[in-house]
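Chain residues, written in single-letter form:
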Amino acid sequence: VNRTLKSLILFKNNIADEGAQTLMRALKINTSILSLDLRKNQIGLEGMRAIMETLKLNSTLKTLELYWNNVELREAQLLAEGLEMNTGMTTLGLSWNYIGYQGIESMVESLKLNRTLTKLNLGWNHLQNIGAVSLKNILKHNRTITNLNLSGNEFGVEGGATLAEALSINQTLKNLNLYSNKLENLGARRIGIALKWNQGIETLNLSSNNITLLGAEGLATGLKQNSSLRQLYLDQNKIGPKGSIAISDALSLNNTLKHLSLGKNGIKHHGATILARNLRQNGCLQTLILSHNQIGDTGAISLAECLKHNKSLQKLDLTCNEISSVSTKSLAEAVKINTTLCEFNLYCKIFWRVFFCFLFCVRE
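Each value, and the rule that gives it
Residues numbered from 1 in each chain as written. Predicted model: local features only at pLDDT ≥ 70, side-chain atom pairs only at ≥ 80, totals over all residues. Heavy atoms only, no water. Helix = DSSP H or I, 4+ residues; strand = E, 2+ residues; numbered from the N terminus. Expected span 1.5 Å × (residues − 1). Contact = heavy atoms within 4.5 Å. Core = buried A, V, L, I, M, F, W, Y, C linked by side-chain atoms within 4.5 Å. Buried < 20%, exposed > 50% of the residue type's maximum accessible area, 1.4 Å probe, protein only. 1 Å grid on protein atoms, 1.4 Å probe; cavity = no way out; pocket = protein on both sides within 12 Å on 5 of 7 lines; lining within 4 Å. Points joined across faces, edges and corners; volume = space filled by probe spheres on them. Salt bridge = Lys/Arg side-chain N within 4 Å of Asp/Glu carboxyl O. Axes fitted to C-alpha atoms, helices over the stretch in contact; angles between N-to-C directions. Parallel < 35°, antiparallel > 145°, perpendicular 65-115°, else oblique. Nonpolar A, V, L, I, M, F, W, Y, C, P; charged D, E, K, R; others polar.

A word on helix 12 (residues 296-309)
In this model, helix 12 (14 residues) spans 21 Å end to end at C-alpha, consistent with the 20 Å of a helix rising 1.5 Å per residue. Where the residues of helix 12 are buried, they touch helix 11 (268-279), strand 12 (315-317) and helix 13 (325-337).

What about the nonpolar core?
Of all hydrophobic cores here, the largest spans 98 residues; its most connected members are Leu 38 and Leu 150. For this core, the element with the highest residue contribution is helix 2 (residues 45-57), accounting for 6 residues.

Examining empty space enclosed by the protein
Counted by the stated rule, this structure contains 1 cavity of 30 Å³ or more. As a volume, the largest cavity reaches approximately 30 Å³. For the largest cavity, the full set of lining residues is Met 24, Leu 27, Leu 36, Ile 51, Thr 54, Leu 55, Leu 61 and Leu 64. At the level of secondary structure, the elements contributing two or more residues to the lining of the largest cavity comprise helix 1 (16-27) and helix 2.

Quick word on the pattern of salt bridges
Using the criterion set out here, one finds 8 salt bridges in the structure. Its salt-bridge partner being Lys 56, residue Glu 81 comes within 2.9 Å of it at the nearest N-O pair. Residue Glu 81 is located in helix 3 (residues 73-85), and its partner Lys 56 is located in helix 2; the two are separated by 25 residues in the primary sequence. A salt bridge links Glu 165 to Lys 136; the shortest N-O distance between them is 3.5 Å. Taken as a pair, Glu 165 in helix 7 (residues 156-169) and Lys 136 in helix 6 (residues 128-141) lie far apart in primary sequence, 29 residues in all.

Some remarks on the packing of helix 7 against helix 8 (residues 184-197)
Two elements in contact, helix 7 and helix 8, have axes separated by 8 Å at closest approach and are oriented at 0°. Judged on the interaxial angle alone, helix 8 and helix 7 are roughly parallel. Of the residues in helix 8, those in contact with Val 157, Gly 160, Ala 161, Ala 164, Leu 167 and Ser 168 of helix 7 are Glu 184, Leu 186, Gly 187, Arg 190, Ile 191, Ala 194 and Trp 197. For the contact of helix 7 with helix 8, the per-class residue count stands at 8 nonpolar, 3 polar and 2 charged.

Examining the environment of Val 108
With respect to the helices and strands, Val 108 occurs in helix 5 (residues 108-113). The sequence separation of Val 108 and Leu 150 amounts to 42 residues, and the corresponding C-alpha distance is 15 Å. Those residues in contact with Val 108, other than ones at most four positions away along the chain, are Ser 134, Asn 137 and Ile 138.

Structural data, given as structure tokens:
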């Protein structure tokens, strides 16, 4: 029996149930493998049954990736049975299966009691708003899960409100991914309220959730009182200029947020101008993503002035923002003066030469 292999990657090998059964027989006696990647292998009921039996006995395996398999209700039930007795697993990846709300309901008790799992990926599993109730039940009791990926689960407004309630109670969760869940304004506002009470969350992804001004205002209110959040992703929403102003106003009171991503939100020049003004006083934000926002020359020049004074920003992304050669020169001059910026993404095909000339003082 091999005693040196620590990680085994079998991604996209179509091992199916038969291969999973053979592999699990070996893992019952193997005590060296710590990480097992079985993504995209068409593993179904019998393969999951073998995995369940192995999880009961094997306490060495720390990471199990089961993305893109045939994990549905019955398979989820078997997995839950294995997790009840497992004492070693720390990372479980189940994204891109079809667990559904009944499947996650069957896993509630095992996940409530589990004391080793820290990272759980359940993205794109059709959990819907009913599944959010089960997740709330899990989060109210579990004290070990710190990373939770719930992207693409169609929670909707109601499911978002349910998860916000759980977030108000749970103080263990550090990273929560709710990308593309149709949360809309009400869901965002409820999460904003939860941020007032939650002082454990550090990374929150709310991108692509059809959030507009009202939702942004709700989140801004939460940001003013939250002291734990380090990274906030709001890309591909519709917060607009006023929404970005609400968020930037919150930055004047928030001293912990280090990463703010607002790509594709239509903030335009007015939103960028106010954001730039507020960033002059902010000494914490290190990364600002403003790509695809139509900020134009006015917004770019305002940000250039901000760069001359800001002492914390290390990364700025202004990709695809309708910026001309005039503001490109202003940005280049500002970058020469700024002493903290490490990464600057302009991606302006037409004016890159102008930027280079001013930044490095070379002739065209």
